[in-house]
Amino acid sequence: MSTDPGASGRATPTDLPPPCDRLTLDAIRACLEGVIPATIATVAPDGTPNVSLLSQVHYVDPDHIALSYQFFNKTRANILDNPDALLQVIDPPTGAQYRLRLSYLRTETAGPLFESMKAKLSGIASHVGMAEVFRLRGADLFRVVAIESVPGRSLPAPVRPRSLLSAARRACEGLRGCADLAELLDRAMAALRDLFGVEHALILLPDAATGRLFTVAALGYEGSGRGSGIGWEVAPGDGVIGVAARERVPIRITHMTTDVAYSLAMRDATADDPGLAREIPFPGLERPHSQLAVPILSHEPGLPDEQLAGILFVESPREMRFTYDDEDALVTVAAQIGALMRGLPAPHAAEAEEPARPAAAPADIRLTGCPHGAPVTVRHYATDDSVFLDHDYLIKGVAGAILWKLVRDHTSLGRVDFTNRELRLAPDIPLPDFAENLEARLILLQRRLADRCGALRIEKTGRGRFRLLVATPLRLEEMH
Amino acid sequence: MTDVAAAGLQPGGGLGDATIAFLARRVSVSVASSDRANRPCVGRALGARASADGARLTVLVDGRANAALVAAVAETGRLAVVISEPSTHRSIQVKGDTAVVATPTADEAALPAHHTDLFVAELVGIGFTEPFVRTVCAHDPADLVALHLRPGAVFDQTPGPNAGAPLSTRVPP
């Protein structure tokens, strides 16, 4: 009960020194998961009470909560006149109930708290095509003055399946020492699966030119019927991934059915424009119930600004799969990934200096320049650098331009070995000025080709070197 | 929304038929009061019903879990009751300042069990377990308190821009 975040930056003395066994907001944070609506009482200047249900109470820090201000209602009118409020919440697993005495501090209309709440609201809203209507006018910030337990029964607390603190520690330790970005991505996915029990995860990297995000690592989407997940794209602002990327804050939705039902109730009450009812397509599970998107940020040493290096995304068909604690743990892991991405050896520093090592080629692919079997048509559309293999879309953009150069050099010059450096210098590959971009595109291309299990593969043969493996003759078609 | 929107105070005071009908649905009931110092009190109710003429709303609460609220109602007579249907979020709020605290009649004391059964049916339908809902509604019958309110105003409380609009002044659709 000490600080007022952002007001002064220093602690103010508390009214009363709390006893050691005092209930803390952190201890009952599960009550603020939005699973069960909270009840808030406020009082008008003439003493008239008002009671209202709240779908979301936003945890800010151990001493503060915030409520979303979307419409001017009686609760809001009351707190502007009388800052006292009393909030009753229910712990979702046990049914234990608590009352939080609150004191309204102020309304924020910009800054991290506001952006985080707005992003969460947009994350919910964009799933039901309501991003335009769900405008957050402000974040009403309250100090938690006291917490009391409401007398009553409760169920036993469920046993936690894992220690998230231990998982975060071991994940961070396990990510160290990666040789390159591909290994870092793979180890991050393994850590999510093995240490956090995550079944569905994506890592997306930003396209510096368009702002879109593309998937370079995927876990658990083989059964989706839409490929492994590699190469899926998200526009900035779309869904929890796009909003987390745009606002650079974690976005977590724990109970999608409730959140969406709440959104629909509000849409019934607000929207007349059928154009707003557009459902935005979204990569990932068809029917997720929990989602968490965490920005991977990297810092220039000595500079306060953060760069968006990627998005770590996990989801589940189960409700309440990701809690506040999961979010804290994965934000910690994402911070480690961001720092390690910055510290990776520059792909071009040593490239083309190591000799190419013999590739461990699959038995069905011959490297001798004598591909056999039915030819594969590789079709390239110059307008967007999209590449199709036998009429099936494979890839587009920078990665498409890279593949087109590789297959042209292969068919005209018989080349199989390439270096990152020559791609970086190639005039026909439109690389934005972004350090990890080339390596990210090569990872994307390599994994898309591996997904296809077809005639073409790319294999790393050394730092900054790779080999194009061609199993069947290629027929190239350039489309304008 | 039709049933709620058509509700409101009858010309002679009291709740309209639609509000009375809404009360019989599978709803949650929450209450607030304020003491003489205008400090808020809040609690969850265990059931509610209106008299046939709508002139009186009776709310049952666990007096042990809501001791401060019951004391505040006894002190100031102020009571706000929000009635909400969890699966649709449709809600109304009833307010008055002449509430009284009473020992429940046998009839009233039977309300929480019925209310809990309805509430279980509603919440199990949206993903909660029956043991959980029954735990939240659990109480000792000896602790039951009845709060009687003569409704002074009824408001639409469904989330959205119309929340807070007095139902008595709304034109039914």
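Above this note sits the structure.
The rules behind these values
Residues numbered from 1 in each chain as written. Chains lettered and ligands numbered in written order. Predicted model: local features only at pLDDT ≥ 70, side-chain atom pairs only at ≥ 80, totals over all residues. Heavy atoms only, no water. Helix = DSSP H or I, 4+ residues; strand = E, 2+ residues; numbered from the N terminus. Buried < 20%, exposed > 50% of the residue type's maximum accessible area, 1.4 Å probe, protein only. Contact = heavy atoms within 4.5 Å. Areas by Shrake-Rupley, 256 points an atom, 1.4 Å probe, with all protein chains shown as cover. Expected span 1.5 Å × (residues − 1). Polar contact = N/O pair within 3.5 Å; in protein donor to acceptor, adjacent residues only side chain to side chain. Core = buried A, V, L, I, M, F, W, Y, C linked by side-chain atoms within 4.5 Å. Domains from an automatic or database assignment. Buried area = accessible area lost by both parts, 1.4 Å probe. Salt bridge = Lys/Arg side-chain N within 4 Å of Asp/Glu carboxyl O. Pairing = 2+ DSSP bridges. Axes fitted to C-alpha atoms, helices over the stretch in contact; angles between N-to-C directions. Phe/Tyr/Trp six-rings, centres within 6.5 Å; stacked < 30°, edge-to-face > 60°. Lys NZ or Arg CZ within 6 Å of the ring centre and 35° of its normal. Arc of directions from axis to C-beta.

**As for the overall build of chain A**
Regarding its fold elements, chain A presents 10 helices and 20 strands. A buried classification covers 53% of the 480 residues belonging to chain A. Pairs at least 24 apart in sequence give 70% of the contacts found in chain A among residues at least 6 apart. Working note: accessible area of chain A is about 21000 Å², and carbon and sulfur atoms make up 52% of it.

**Quick look at helix α4 (residues 181-196) of chain A**
Residue and element names in this part refer to chain A. In this model α4 runs 21 Å from its N-terminal to its C-terminal C-alpha over 16 residues, within 8% of the 22 Å that 1.5 Å per residue would give. Residues of α4 that are buried include every one of L181, A182, L184, L185, A188, M189, A191, L192, L195 and F196, and no others. Each element contacted by the buried residues of α4 is listed here: α3 (164-175), β8 (200-206), β9 (213-219), β13 (306-316), α7 (324-343) and α10 (437-452). The opening residue of α4, the one whose side-chain oxygen lies 3.3 Å from the backbone nitrogen of A182, is D180. Where α4 terminates, the next one or two residues include G197, which has phi positive at roughly 65°.

**Details of the environment of L406 of chain A**
Residues and elements named next belong to chain A. Within the element layout of this structure, L406 appears in helix α8 (residues 397-413). On the basis of relative accessibility, which here comes to 0%, the residue L406 falls in the buried class. In the structure, L406 is positioned 61 residues away from R467 in sequence and 9.6 Å away in space, judged by C-alpha atoms. Look past the residues within four positions of L406 in its chain and what remains in contact with it is F418, L423, L445, I458, F466 and L468.

**Remarks on the nonpolar core**
Counting 71 residues, the largest nonpolar core has L192, F196, I203, I402, L406, L445 and L456 of chain A as the members making the most contacts within it. No other element matches the 10 residues that α4 of chain A contributes to this core. Here this core spans two domains, and each of domain 2 (164-272 + 285-343) and domain 3 (376-479) of chain A adds at least three residues to it. Filtering out sequence-adjacent residues up to four positions away, L192 of chain A remains in contact with G197, V198, A201, L312, V314 and L330 of chain A. The next biggest cluster of nonpolar side chains, apart from the first, holds 28 residues, and it includes L69, V73, I83 and V154 of chain B.

**Section: the interface of chain B and chain A**
Taken residue by residue, the interface counts 38 residues in chain B and 47 residues in chain A. Of the roughly 3300 Å² buried between chain B and chain A, counting both surfaces, carbon and sulfur atoms make up 63%. On the chain B side of the interface with chain A, the three residues burying the most area are P40, V42 and F132 of chain B, jointly 19% of the side's total. Linking chain B with chain A are zero salt bridges, by the criterion used here. Joining chain B to chain A, the criterion identifies 12 residue pairs in polar contact (both at pLDDT 80 or more). Elements that contribute at least two residues to the side of chain B that touches chain A include exactly β1 (28-34), β2 (40-44), β5 (79-85), β6 (90-96) and α6 (130-137) of chain B. Of all the elements, β1 of chain B adds the most residues to the side of chain B that touches chain A, at six residues.

**Side note on the sheet that holds β2 of chain B**
Residue and element names in this part refer to chain B. Spatially, β2-β1-β5-β6-β9 is the arrangement adopted by the five strands of the open sheet, whose pairing is antiparallel. Two strands in the sheet have a free side with no partner beyond their single neighbour: β2 and β9 (153-156). Across the sheet, the mean angle from the axis of one strand to that of its neighbour is 20°, orientation sign disregarded. As defined by bridge partners, β1 adjoins β5 across five bridges and the pair is classed as antiparallel.

**Focus: the packing of aromatic side chains**
One pass over the full model with this rule turns up seven aromatic pairs over all chains. With a centroid separation of 5.4 Å and 70° between ring planes, the pair formed by Y381 of chain A and F388 of chain A is classed as edge-to-face. A centroid spacing of 5.8 Å and a plane angle of 20° characterise the contact between F128 of chain B and F132 of chain B, whose relative ring orientation is stacked. By the ring-pair criterion, three or more aromatic residues cluster together here, those being Y381, F388 and Y393 of chain A. The side chain of R76 of chain A reaches across the aromatic face of Y69 of chain A, ending 3.6 Å from its centre. Over the ring of Y324 of chain A we find R252 of chain A, and its NZ or CZ is 4.3 Å from the ring centre.

**Thoughts on helix α5 (residues 111-124) of chain B**
Residue and element names in this part refer to chain B. With 14 residues, α5 ought to run about 20 Å at 1.5 Å a step, and its terminal C-alpha atoms sit 20 Å apart, in line with that. Listing the buried residues of α5 in full gives L111, P112, H115, T116, F119, V120, E122 and L123. Projection of α5 onto a plane perpendicular to its axis shows the buried side chains occupying an angular sector of 165°, all on one side.

**Overview of the sheet that holds strand β11 (residues 251-253) of chain A**
Residues and elements named next belong to chain A. Strand order in the open sheet made by the six strands is β10-β9-β8-β13-β12-β11, with antiparallel pairing throughout. Strands with a single pairing partner mark the edges of an open sheet, and in this sheet they are β10 (233-234) and β11. Along the sheet, α4 makes contact with β8, β9 and β13, crossing β8 at roughly 150°. Docked against the sheet, helix α5 (residues 239-247) engages β8, β9, β10, β11, β12 (290-299) and β13, running at close to 155° with respect to β13.

Taken by themselves, the reported measurements are silent on function.
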